[in-house]
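Here are the chains, one letter per residue:
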Amino acid sequence: MQNGTQIPESRKCEPAKYEYKKTSYAELFEVLQSLRKLEIFCDVKLETDDKKIIFAHKVVLASASPYFHAMFTNFAEKNYDLVTMRQLNSTCLQLLVNFIYSGEIVITEKNVQDLLSAANLLQLQEVKDACCDFLETQLCSTNCIGINKIADFHSCTKLLTSSELYIRQNFSKVADGDEFLSLSSKEVIKLISSDELRVPSEEKVYECVIRWVKHELGTRKCILPQLMEHVRLPLASKHYVLKKVVEEPLIKNCLKCNHYVFEALHFQILKSEKLIPQNTRNKPRYGDQVILFVGEVKSELCKRTEWYDPKTDQWHYGPALIEGRGKAGLATMKDNLVFAVGGNDIIDFSLRSVEVLDLSSESPRWKRTVKMLNNRQCFGVGVINDNLYAVGGFNNGGGSLNSAEVFDYKTQKWRMVSSMATGRSDLGVGVLNDLLYVVGGYNYSSMDGLDTVECYHPSLDTWKPVAKMCVCRTGAGVGVLDGVLYAVGGQDGSNIHSSVETYRPSIGVWTSIGDMHLPRRDAGVVALNGLLYVVGGNDGTSSLNSVEFYNPRTNTWTMVTVPMKDARTSARVVAINRPQLFNTC
């Protein structure tokens, strides 16, 4: 017999075997659903409180629901063909049984609460999660407190977290609604004591407390002192306290509340004398900070500053510098003092001059303060224990500096400290665990970009090398967030990096993370509200006005929708407490 295809001898005696796997079970469940609707092979009838009957197959219900599985294997209902389902309406149960057979369900505003309750009872986790996802999309200022209560009642962890976050982030609108008035005193205290509460000013918190108390004055009046304990009245303006708080009858007639008023007014006096006490009520809330920006505008020096409010996603012009300066250092000290240090003037002359902005003053503006010992531009600054360090850069004689100096706020004097092993300009500086890290830069003597990193120990007045970065970075932005040092962007030869790497002292090596959306050198980097913001800089062609931020929890970069008013390079940024008053230039 002729056969065009010869089977190799080695395969002729192999055992025959062919595996087939069904790719979809949809047809099977369609058949089961059809059988259920025709009441064929159904071995159980579910009766609801309104006497409606739903036919089903025990094995199908048990396969999808741990509740039914336990019922039909361990309890008396396994021998029943009629089971009464308490606390469930027929419409809701019908939807859930249909879901078990079809995998489909429609959730609406009208049925979501009943479905969530029923899915929670029947342990249908997929439906429960879908209900929570739907409720999360519906969050608004008028229903978020109600949704939060639903999430708490049904132990919906994700929805509970997201609704709590929504309430804190939109407190002003939420507190103006009716739901806020229904909160218990414990719930109000939990909310207004949060460091993460987002409010335009502390005055808003005070007004909401008074509104809540007056809603049921007879029973809530006695709780006012407990609430006022968590209102950060010292952060309100002196004028507001004297005009609105002192004159409020509820406050005026309460001895304990008067104590908080006196504390607030006393704080205003101490603030003017720079003797700010440590107290929860005078601590700005987490999230109640803005980003202050100083830098060149389109390669030209500019005195004007900008500040970004993440709550409103808006940029504003801030107080103008006395002296136009580029490639300067910018740092905060004692919470309310911002220092603009050195840099270069319009003819590229390196500067020694220093300006300070006192944010606690009634009308913040820049003032001249003690000059550095050396002219510096393209250098780095960092603050440790009220000591301001200025490191590296270059001066008018050219060449990269390895020197460092420190300004002692207590003595109001600059002094030299030990020099680095390597001269560096265009370096980045970060403070982590009270140590000063200098990152990358450029050495004009060797004409090399640097991947090396040094660490300064103030108590020993010594510099020590740490692990090298993955790449050379000249003009890298450096920031510290949650105990991690970030080196962002920078330049290596003609290549402008969009890459970012991190350093953890406990591990001792640099690790790459996700790239930014844009390549940047000389960008400003600052941590704010658990995010790392990267501001401005240069992409190798032009100055940038764009901003993006990194979320370490999701390992993602996101562009800020509203750009700066001006494109800026040699960006210097700091996070500052939201000022009560900011004169604009």
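Rules and cut-offs
- Residues numbered from 1 in each chain as written.
- Predicted model: local features only at pLDDT ≥ 70, side-chain atom pairs only at ≥ 80, totals over all residues.
- Heavy atoms only, no water.
- Buried < 20%, exposed > 50% of the residue type's maximum accessible area, 1.4 Å probe, protein only.
- Helix = DSSP H or I, 4+ residues; strand = E, 2+ residues; numbered from the N terminus.
- Pairing = 2+ DSSP bridges.
- Axes fitted to C-alpha atoms, helices over the stretch in contact; angles between N-to-C directions.
- Core = buried A, V, L, I, M, F, W, Y, C linked by side-chain atoms within 4.5 Å.
- Phe/Tyr/Trp six-rings, centres within 6.5 Å; stacked < 30°, edge-to-face > 60°.
- Lys NZ or Arg CZ within 6 Å of the ring centre and 35° of its normal.
- UniProt positions renumbered as here; feature names shortened; annotations may be inferred.
- Parallel < 35°, antiparallel > 145°, perpendicular 65-115°, else oblique.
- Left-handed = near helix turned anticlockwise from the far one by under 90°.
- Contact = heavy atoms within 4.5 Å.
- Disulfide = S-S within 2.5 Å.
- Salt bridge = Lys/Arg side-chain N within 4 Å of Asp/Glu carboxyl O.

Undergrad: Got a sec to walk through helix α6 (residues 112-122)? Specific residues and values, please.
TA: For α6, every residue scored as buried is listed here: Val112, Leu115, Leu116, Ala118, Ala119 and Leu122. Residue glutamine 123 follows α6 closely and has a positive phi angle near 60 degrees.

Undergrad: Got a sec to walk through the pairing of strand β1 (residues 44-48)? Specific residues and values, please.
TA: Among the five residues that make up β1, four are buried, leaving the element largely enclosed by the rest of the structure. Alignment of β1 against strand β2 (residues 53-56), held across four bridges, turns out to be antiparallel. Paired with leucine 46 across the bridge in β2 is isoleucine 54. If you look at the hairpin formed by β1 and β2, you'll find four residues sitting between the two strands, and lysine 51 has a positive phi there, around 70 degrees. Sheet topology note: the β1/strand β3 (residues 82-85) ladder contains four bridges and is parallel. The partner of glutamate 47 across the bridge, within β3, is threonine 84.

Undergrad: Just give me the short version of the environment of proline 319, but keep the residues and values in it.
TA: Tracing the backbone through its elements, the reader meets proline 319 in the loop between β6 (314-317) and β7 (329-333). Between the C-alpha atom of proline 319 and that of leucine 197, which follows or precedes it by 122 residues, the distance is 27 Å.

Undergrad: Run through the sheet that holds strand β10 (residues 366-369), naming residues and quoting values.
TA: Strand pairing within a sheet occurs via backbone hydrogen bonds; the two strands may be parallel or antiparallel. Taken in spatial order, the four strands line up as β7-β8-β9-β10 in an open sheet, and their pairing is antiparallel. In this open sheet, the two strands that pair with only one neighbour each are β7 and β10. Neighbour-to-neighbour, the strand axes of the sheet open up by a mean angle of 30 degrees, direction not taken into account. The pairing of strand β9 (residues 354-358) with β10 spans four bridges and is antiparallel. Residue pairing for β10: valine 354 is matched across the bridge by threonine 369.

Undergrad: I'd like a description of the nonpolar core, backed by residues and values.
TA: For soluble globular proteins, the rule of thumb is that nonpolar side chains tend to be buried together. Judged by nonpolar contacts, the single largest core of 77 residues is most densely connected at Leu46, Leu61, Phe171 and Phe180. The next biggest cluster of nonpolar side chains, apart from the first, holds 16 residues, and it includes Phe293, Trp315, Leu528 and Val547.

Undergrad: Run through unusual backbone geometry, naming residues and quoting values.
TA: Excluding glycine, residues mostly carry a negative phi; peptide bonds, for their part, are mostly trans. Positioned with a positive phi, lysine 51 is a non-glycine residue whose angle comes to about 70 degrees. Inspection of the secondary structure assignment puts lysine 51 in the loop between β1 and β2. Assessed through its relative accessible area of 61%, lysine 51 is described here as exposed. Phi is positive for serine 155, close to 55 degrees, though the residue is something other than glycine. For serine 155, the location among the structural elements is in the loop between α8 (144-153) and α9 (157-169).

Undergrad: Could you give an account of the packing of aromatic side chains, naming the residues involved and the relevant values?
TA: Aromatic rings in a pair are described by how distant their centres are and how their planes are angled relative to each other. Enumeration according to the criterion identifies 17 aromatic pairs in this entry. The interplanar angle of 55 degrees and the centroid separation of 6.0 Å between the aromatic rings of tyrosine 437 and tyrosine 503 together place this pair among those described as tilted. Pair noted here: tyrosine 437 is in strand β16 (residues 435-439) and tyrosine 503 is in strand β25 (residues 500-503), with a separation of 66 residues, a long-range link. In this structure, tyrosine 437 and tyrosine 503 share a single accessibility class: buried. Centroid distance tyrosine 550 to tryptophan 557: 5.1 Å. Interplanar angle 45 degrees. Geometry classified as tilted. Here tyrosine 550 matches tryptophan 557 in class, with each residue buried. Stacked on the ring of tryptophan 212, the Lys or Arg arginine 220 has its end atom at 3.9 Å from the ring centre.

Undergrad: Could you give me a rundown of the UniProt feature "domain: BTB" (unreviewed entry) in the protein, with the residues and numbers involved?
TA: Taking the UniProt record as the reference, the feature "domain: BTB" (unreviewed entry) is found at residues 42-109. From the first C-alpha to the last, residues 42-109 spans 32 Å; its make-up is 43% helix and 19% strand.

Undergrad: I'd like to hear about the packing of helix α5 (residues 90-102) against α6, residue by residue, with values.
TA: Remark: α5 packs on α6, axes separated minimally by 10 Å, with the N-to-C direction vectors making an angle of 60 degrees. The orientation of α5 relative to α6 falls into the category oblique. The handedness of the crossing between α5 and α6 is right-handed. Taking contact as the criterion, the partners of Cys92, Leu93, Leu95 and Leu96 in α5 are, on α6, Asp114, Leu115, Ala118, Ala119 and Leu122.

Undergrad: How would you sum up the state of the cysteines? Please name residues and give values.
TA: In the structure shown here, the tally under the stated rule is zero disulfides. Free cysteine: cysteine 208, not disulfide-bonded; nearest cysteine sulfur from cysteine 144 at 12 Å. Cysteine 470 carries a free sulfur, and the closest cysteine sulfur to it, the one in cysteine 472, is 11 Å from it. In this structure cysteine 470 comes out as partly exposed when scored by relative accessible area, which is 46%.

Undergrad: Mind laying out the pattern of salt bridges, listing which residues take part and the relevant values?
TA: Evaluated as defined, the whole model comprises 25 salt bridges. In this structure, arginine 376 engages glutamate 405 in a salt bridge whose closest nitrogen and oxygen atoms are separated by 3.0 Å. Taken together, the positions of arginine 376 in the loop between β10 and β11 (380-384) and glutamate 405 in strand β13 (residues 404-408) put the pair 29 residues apart, joining distant regions of the chain. No difference in accessibility class separates arginine 376 from glutamate 405, as the two residues are buried. Of the charged contacts in the structure, one is a salt bridge between glutamate 454 and arginine 424, with a shortest N-O distance of 3.1 Å. Residue glutamate 454 is located in strand β19 (residues 453-457), and its partner arginine 424 is located in the loop between β14 (413-417) and β15 (428-432); the two are separated by 30 residues in the primary sequence. Exposure class is identical for glutamate 454 and arginine 424. Each is buried.

Undergrad: I'd like to hear about the pairing of strand β20 (residues 462-466), residue by residue, with values.
TA: As defined by bridge partners, β19 adjoins β20 across five bridges and the pair is classed as antiparallel. Counted as the bridge partner of histidine 457 is threonine 462 from β20. Connecting β19 to the next strand, β20, in antiparallel fashion are four residues, including aspartate 461 with a positive phi near 50 degrees.

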